[in-house]
Structures are given as structure tokens and as C-alpha cells.
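# Summary of structural features
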Amino acid sequence: AACTHRNRNDALHPLWQSPLTIPGGTRQSPINIQWRDSVYDPVLKPLKISYDPTTCLHIWNNGYSFLVEFDDSTDRSVIVGGPLENQYRLKQFHFHWGAINEWGSEHTVDSKFYPAELHLVHWNAVVYPTFEEAVMEGNGLAVIGVFLKLGAHHEGLQTLVDALPAVKHKDAVIEFDVFDPSCLIPSCPDYWTYAGSLTTPPLTESVTWIIKKKPIEVDENQLEAFRMLLFTSDGEEEKRMVDNFRPLQPLMNRTVRSSFQ
Ligand SMILES: COc1ccc(C[C@H]2SC(=S)NC2=O)c(OC)c1
Ligand SMILES: [Zn+2]
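Keep in mind that this is a model prediction, so the values were computed, not measured.

## Observations concerning the nonpolar core
Ranked by size, the top nonpolar core spans 43 residues in total, and within it Phe93 and Phe95 carry the most contacts. When contributions to this core are tallied by element, the ones reaching two or more residues are strand S4 (56-61), strand S5 (66-70), strand S7 (88-97), strand S9 (116-123), strand S10 (141-150), helix H3 (155-161), strand S14 (216-218) and helix H4 (220-227). Dropping the residues within four chain positions of it, Phe93 is found in contact with Phe66, Leu67, Val68, Phe70, Leu118, His119, Leu120, Leu160, Phe179, Pro181 and Leu184. By size, the runner-up hydrophobic cluster in this structure holds 21 residues, among which are Tyr114, Leu141, Tyr194 and Phe260.

## A closer look at the packing of aromatic side chains
The geometry of an aromatic ring pair comes down to the distance between the two centres and the angle between the two planes. Taken as a whole, this structure holds 14 aromatic pairs when the rule is applied. Summarising the aromatic geometry, the rings of Trp35 and Trp192 are spaced 5.1 Å apart at their centres and angled 90 degrees between planes, so their arrangement reads as edge-to-face. Taken together, the residues Trp35 in the loop between strand S1 (32-33) and strand S2 (39-40) and Trp192 in strand S12 (residues 191-196) connect sequence positions 157 residues apart. Centroid distance Tyr114 to Phe147: 4.4 Å. Interplanar angle 15 degrees. Geometry classified as stacked. Of the two residues, Tyr114 is situated in the loop between strand S8 (108-109) and S9 and Phe147 in strand S10; the sequence distance between them amounts to 33 residues. Of the two residues, Tyr114 and Phe147, neither departs from the other in class, the shared state being buried. One aromatic cluster in this structure is built from Phe66, Phe70, Phe93, Phe95, Trp97, Phe176, Phe179 and Phe226. The aromatic ring of Phe131 is capped on one face by Lys91, whose charged end is 4.9 Å from the ring centroid. Directly above the aromatic system of Phe260 lies the positively charged group of Lys213, at a separation of 4.7 Å from the ring centroid.

## Observations regarding the confidence of the model for the chain
Put simply, the chain has an average pLDDT of 93, and 92% of its residues get 70 or more. Ranking the elements of the chain by mean pLDDT puts helix H1 (residues 2-7) last with 41 and S10 first with 99. With pLDDT under 50 throughout, residues 1-13 is counted as low confidence; its partners more than four residues away or in other chains account for 23 contacts. What the predictor reports for the complex is a pTM of 0.94 with an ipTM of 0.97.

## A word on the side chain of Ser206
Looking at the element boundaries, Ser206 is found in the loop between S12 and strand S13 (207-212). Exposure remark for Ser206: the relative accessible area of 0% places this residue in the buried category. Polar contacts involving the side chain of Ser206 include one to the main-chain carbonyl oxygen of Val135, which spans 2.7 Å. Discounting chain neighbours no more than four positions away, the residues touching Ser206 are Arg27, Ala134, Val135, Glu137, Gly138, Asn139, Gly140, Leu141, Gly196, Ser197 and Leu198.

## Some points on the pairing of S13
Extensive coverage of S13 is indicated by the burial of six of its six residues. Residues Val207, Trp209 and Ile211 point to one face of S13 and Thr208, Ile210 and Lys212 to the other, with burial holding for every one of them. Across six bridges, the pairing between S12 and S13 is antiparallel. Its bridge partner lying in S13, Tyr194 is registered against Trp209.

## What to know about the coordination of the zinc ion (ligand 2)
At 2.0 Å from the zinc ion (ligand 2) lie its protein donor atoms, namely His94 (NE2), His96 (NE2) and His119 (ND1). Metal-centred angles of 96 to 125 degrees between the four donor atoms at the zinc ion (ligand 2) mark the site as tetrahedral. Read from N- to C-terminus, the donor residues coordinating the zinc ion (ligand 2) fall into the pattern H-x1-H-x22-H. Linking His96 in strand S7 with His119 in strand S9, this pair joins segments that are 23 residues apart in sequence. Assessed through its relative accessible area of 4%, His96 is described here as buried. Taking relative accessible area as the criterion, His119 reaches 2% and is therefore assigned buried.

## Here we look at the site of ligand 1
Near ligand 1, the surroundings consist of 13 residues, among which His94, His96, Val121, Thr199 and Thr200 are the closest. His96 has a polar side-chain atom sitting 3.4 Å from an oxygen atom of ligand 1. Take Thr199: an N or O atom from its side chain is 3.3 Å from a nitrogen atom of ligand 1. Here ligand 1, which alone exposes 440 Å², has 80% of that area covered by the protein. Counting atoms within 2 Å of the grid points, the majority share of ligand 1 lands in the largest pocket.

Here is what the cut-offs are and how they apply
Residues numbered from 1 in each chain as written. Chains lettered and ligands numbered in written order. Predicted model: local features only at pLDDT ≥ 70, side-chain atom pairs only at ≥ 80, totals over all residues. Heavy atoms only, no water. Core = buried A, V, L, I, M, F, W, Y, C linked by side-chain atoms within 4.5 Å. Buried < 20%, exposed > 50% of the residue type's maximum accessible area, 1.4 Å probe, protein only. Helix = DSSP H or I, 4+ residues; strand = E, 2+ residues; numbered from the N terminus. Contact = heavy atoms within 4.5 Å. Phe/Tyr/Trp six-rings, centres within 6.5 Å; stacked < 30°, edge-to-face > 60°. Lys NZ or Arg CZ within 6 Å of the ring centre and 35° of its normal. pLDDT = per-residue confidence, 0-100. Polar contact = N/O pair within 3.5 Å; in protein donor to acceptor, adjacent residues only side chain to side chain. Pairing = 2+ DSSP bridges. Donors = N, O, S within 2.8 Å, 3.2 Å for Na, K, Ca; no water. Tetrahedral: all angles 85-135°; square planar, octahedral: opposite > 155°, others 65-115°. Near = heavy atom within 4 Å. Areas by Shrake-Rupley, 256 points an atom, 1.4 Å probe, with all protein chains shown as cover. 1 Å grid on protein atoms, 1.4 Å probe; cavity = no way out; pocket = protein on both sides within 12 Å on 5 of 7 lines; lining within 4 Å. Sits in = over half its atoms within 2 Å of the grid points.

Structure, rendered in C-alpha cells:
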């Protein structure tokens, strides 16, 4: 079902009024990760994650997803190592999800969709003066992708879920002042990495993707809480915020590397 869902009118998908592809794009995201085609790279280091929970600022509904934004004016919440040459600063995290549990993730593994996918967005503040400039550069961003699968209740996610009714409508924002997003990242160190892009406009090819092999488990109520958010502003005709993921893009001349054998 998911595959027909994706093929039917992808270009007309509500989220993609703008052109689906960028002219000359050679490293677009998301992609299908074919496990057996990924290449183990022994040179890849473990990813080092150090987040300061007090850098958390607020949650807001931007009309595409809900974002938790961080104070990225200093190096208090950073990642380093893995495939990265520099240290990258945490700017925000957000999710992508489906209307039903059969699909929702942006990346797939051996053509399997997960019900949702978490993106933790970081930028290269060592080389670039601002996030906006980093967004335009090949080594500007590093995004950690974490798959969500249906299973046990996730305690750490619940604090976030409890705040969602307050940001039901587009442009709603609430203060969210202490949260450590490392509780959303599996302890298993294994990941895939490849060179890709933003998955929404401007679709710039500036992302080093780090996709965790292990998903986190969340329960049905927690996924349903995502689905009660709205794409629309207060007062407009309600459109549920679901299926906010981009269709799969061609791998082209890329290799997906794995940190594990
Ligand atoms: C202008 O710069 C932007 C615009 C949009 C997003 C969010 C997109 S990109 C991604 S990964 N997932 C998403 O939903 C950015 O995130 C880095 C950066
Ligand atoms: Zn995303």
C-alpha cells in the first residue's frame, strides 16, 4: 500500500506544491538504504553526542512539522566524530510521520517504511558564521535520523507529546525550557552515513546524513498525538498534519557506508 501511496501524485502531494526535484540534483534525500549494498568503513569513528538540556528554547508548529529549537549561539550542544570532520551545533529537531503506521518515515531500509522518523539538525559552526550560510554548503549540515517503530511507551518522548496540544495550529509556539534529546537516540552506536540534502525546500545538498540502525520504540497513543497536529492555522479549515515526508529520491552515484559489519 505504501508504495502505491507514494507513486500516486507524488508531485501533487499537498506538501510539495513546489517542484519535487531540483535541476541537476545529484545528492537528494531521502533514499532507500539497501542494507546489503551498504559498505562497512572501518575508518568511521563512533559519533560523540553532548547536549546541554538547558539549551532547549521552545516548541513550534511551522506548518510542516513541529520543531524543538535550541540556543545555538555557543558550543554547548554539539556532535563530533562519526563521519564528521568538524564539530556541529544542534539547532533543532523535528519529526516526519504518516496518517497510518504503514508509512511515515522519509528514509526506508530495504524498502521498509517506519511509522515516523526523527531528524536532529546540526550545523558546522566551526567553518560557517551562520546556520543560513551552512545550509548552502556541502559540509554545512549534519542530520541524525532515528526511526520510530510501534512498540513500548517512550518515557522521554512523552514530555514532548504532553506539550503538543499547545502547538496544534500552524505558527503556535510554547516555551520548552529543559529537554535532553539524547533520550531519543538509541544507545546502539551503529549507523549508516551518506551525502544528501534537505528534504524540504530549499532542498540544498548540504547534509551529511547519519541514520541510526536501531529504531526507538513509541506506543500508538504517542504516534496518534503527532497526527492530531494541524498543517493549518487557527480559524482555517482544519487539515491534519500527517504524511509530511518527501518521496524517495534516486541514489545516483552514491555509496551508503555503515559503521558496523
Ligand atoms: C532553510 O533551511 C531549512 C529548511 C527546512 C529544514 C527542515 C527540513 S530539512 C530536513 S533534514 N527535514 C526537514 O523537514 C531545514 O532543516 C535543516 C533547514
Ligand atoms: Zn526532517
